[in-house]
Amino acid sequence: MTGTRPDPLIRHNGLVDADVVVIGAGALGLCTALHCAMSGRSVAVVERHTAGSQASGRAAGLFKSVQADELRTRLARCSITKAVTFADWAGTPLAVARPGSFLIARTVQHREFLQRELAQSRRWGVDVREAVHPAGPARLSYYHPADHDYALWCPEDVFIEEPFSLIQACLAACQRHGAVVAENEPVIGIPVTAGRVTGVETQRRSITAPVVVDAAGAWVRHVAELAGARVPVATVRHQLLITEPTAQVDPADPIVRVVDAAVYLRPARGGLMVGGFESDPLPVDPRHQPASFSTADVPLDVGVLERLAGQVSVEAPAASSIPVAEHRGGLFTMSADGRFVAGPVPDLPGLWVASGCNGSGFSSSLALGEALGTWITSGTPPPGLSALSPGRFGALPDDALLSRGLWQYAHYYDPVHGAADSGQPA
Ligand SMILES: Cc1cc2nc3c(=O)[nH]c(=O)nc-3n(C[C@H](O)[C@H](O)[C@H](O)COP(=O)(O)OP(=O)(O)OC[C@H]3O[C@@H](n4cnc5c(N)ncnc54)[C@H](O)[C@@H]3O)c2cc1C
């Protein structure tokens, strides 16, 4: 028992064993758990705080169909489909705004970059088109492009207004499909017997399971180290703000991403959401913080957002001029190549990882959770998923991992263009 609340694990199955234990009740952990449960497995999710309380509950809620490679495109589009049809397959409602998005370039180089993205994304099946003035971004309430700006129109793109609504929908679906979520129960050990993981130790109990999924977000490395494994991700701060409500923003307007400024904008709570990717991002490694460290302790700096908003102040005056109603942030798990880190840990049977979100973990969680659930329950990786193996970087040293992860963050919207400039791998 926790206080006066019944212990969900005892209530359901006496919680001494499960087919699958998922560590972490963020978007990725819950989606993976849900899909394992929908395949008939007994599933326990063990969460240190409360579900969605860390990165997932702070996300901007943006889904983006145009991605840097074919696998990410497939996952992103699959997630969009799963989000808008959530009630049909999961049995619980989920509100999704479907206004589409504009990708905007204000420089010649970024125009060429978007033209390459247009061609490759179309090849990969995305509905994306050149936007033509005045029918394109000129019709937006909160963004006023210059005549020479170039834009792509991405009608498939959606957002979830309040990120916690995805968590609530997943929790309800988990309950409906028999996956049990235990909150306020940190995992403190991962026993390994005869070379394989056999379950987890929490502050309250032991749970045996042949499959343990490390979906601990910014703590993924710390948790993997409990089993003696290394997950190659670097954790980096990301922030956004939401302005007070303003008549300058039509709540039905599309999302805008200005690729040369690395800024995203969308209607939010009657105001404008402003987020972006600074060129000199701040790494924050929870392993070097006090044990009590949580996302609420990530140091925020509104000056970063003011500088980013300043880069689009002519086109989006509300981003800089309307008072801030909310400023929030958290940590991204960045990988050295910008792709997810997901799948079984090599040489340690039983341990799986769902991480390396690179800023897309919220929006890709539905597809990645499904893919991992299929892989775990069938034993066969879905097409292309093996490429995300946690072992693919070999023994990449931490300083190289960090510098490449920071680079991926700073070039979130233009990894290929940035790579051409810097010599970094795209
Ligand atoms: C400001 C901001 C905006 C963002 N916007 C977007 C966006 O628009 N679109 C998008 O796709 N992505 C976005 N992201 C990224 C996205 O939020 C993350 O990629 C995603 O939420 C990661 O999900 P997760 O489940 O891996 O992590 P989390 O949500 O952090 O969940 C991990 C959980 O593991 C738990 N945990 C840790 N250690 C233990 C332990 N020892 N025992 C038990 N539990 C443990 C934690 O308490 C936590 O609840 C944004 C992130 C931020 C910070």
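It should be emphasised that the depicted structure is a prediction, and the values quoted were computed from it without experimental measurement. (Residues numbered from 1 in each chain as written. Predicted model: local features only at pLDDT ≥ 70, side-chain atom pairs only at ≥ 80, totals over all residues. Heavy atoms only, no water.)

### Description of the packing of aromatic side chains
The relation between two aromatic rings is expressed through the spacing of the ring centres and the mutual angle of the planes.
In step 1: All told, the structure shown has 12 aromatic pairs when counted by the stated rule.
In step 2: For the pair F102 and W153, a centre-to-centre distance of 4.8 Å together with 40 degrees between the ring planes defines the contact as tilted. In this pair, F102 sits in strand β3 (residues 101-105) while W153 sits in strand β5 (residues 150-154), placing the two residues 51 residues apart along the sequence.
In step 3: Overall, W153 belongs to the buried group, its relative accessible area being 17%.
In step 4: In textbook terms, an aromatic cluster arises when at least three aromatic residues are bridged by ring pairs, as seen for Y264, F277, F332, Y409, Y412 and Y413.
In step 5: One Lys or Arg, R48, reaches over the ring of W219 and ends 4.7 Å from the middle of that ring. (Phe/Tyr/Trp six-rings, centres within 6.5 Å; stacked < 30°, edge-to-face > 60°. Helix = DSSP H or I, 4+ residues; strand = E, 2+ residues; numbered from the N terminus. Buried < 20%, exposed > 50% of the residue type's maximum accessible area, 1.4 Å probe, protein only. Lys NZ or Arg CZ within 6 Å of the ring centre and 35° of its normal.)

### Remarks on the site of the ligand
In step 1: The local shell around the ligand holds 35 residues, among which E47, S56, A60, V187 and S363 are the closest.
In step 2: In this structure, an oxygen atom belonging to the ligand sits 3.3 Å away from a main-chain N or O atom of A27.
In step 3: For the ligand, an oxygen atom lies 3.3 Å from a polar atom in the backbone of S360.
In step 4: Taken by itself the ligand offers 1,000 Å² of open surface, and the protein chains cover 97% of this. (Near = heavy atom within 4 Å. Polar contact = N/O pair within 3.5 Å; in protein donor to acceptor, adjacent residues only side chain to side chain. Areas by Shrake-Rupley, 256 points an atom, 1.4 Å probe, with all protein chains shown as cover.)

### Overview of helix α10 (residues 361-378)
In step 1: The sharpest bend along α10 reaches about 40 degrees and sits at A367.
In step 2: One or two positions beyond α10, positive phi appears at G379, with a value near 85 degrees. (Bend = angle between axes of the 7 residues up to and from the residue.)

### Some details on the sheet that holds strand β11 (residues 206-208)
In step 1: On the basis of which strands lie adjacent, the open sheet formed by three strands has the order β7-β10-β11 and antiparallel pairing. The open sheet has two edge strands, β7 (187-189) and β11, and neither has a second partner. Pairwise comparison of adjacent strand axes, ignoring direction, gives a mean angle of 40 degrees for this sheet.
In step 2: Judged from the two bridges that link them, β7 and strand β10 (residues 199-202) form a sheet pairing that is antiparallel. Opposite G189, over in β10, you have E201 as the bridge partner. (Pairing = 2+ DSSP bridges. Axes fitted to C-alpha atoms, helices over the stretch in contact; angles between N-to-C directions.)

### Here's the deal with the pairing of strand β19 (residues 351-355)
In step 1: In terms of burial, β19 is a largely internal element, five of the five residues being buried.
In step 2: Where strand β12 (residues 211-214) and β19 come together, three bridges link them in parallel fashion. Bridging from a neighbouring strand, D214 pairs with V353 of β19.
In step 3: Bridge analysis of strand β18 (residues 341-344) against β19 gives four bridges, and the strand direction is antiparallel. Looking at β19, one finds that V341 is bridged to S355.
In step 4: If you look at the hairpin formed by β18 and β19, you'll find six residues sitting between the two strands, and D347 has a positive phi there, around 70 degrees.

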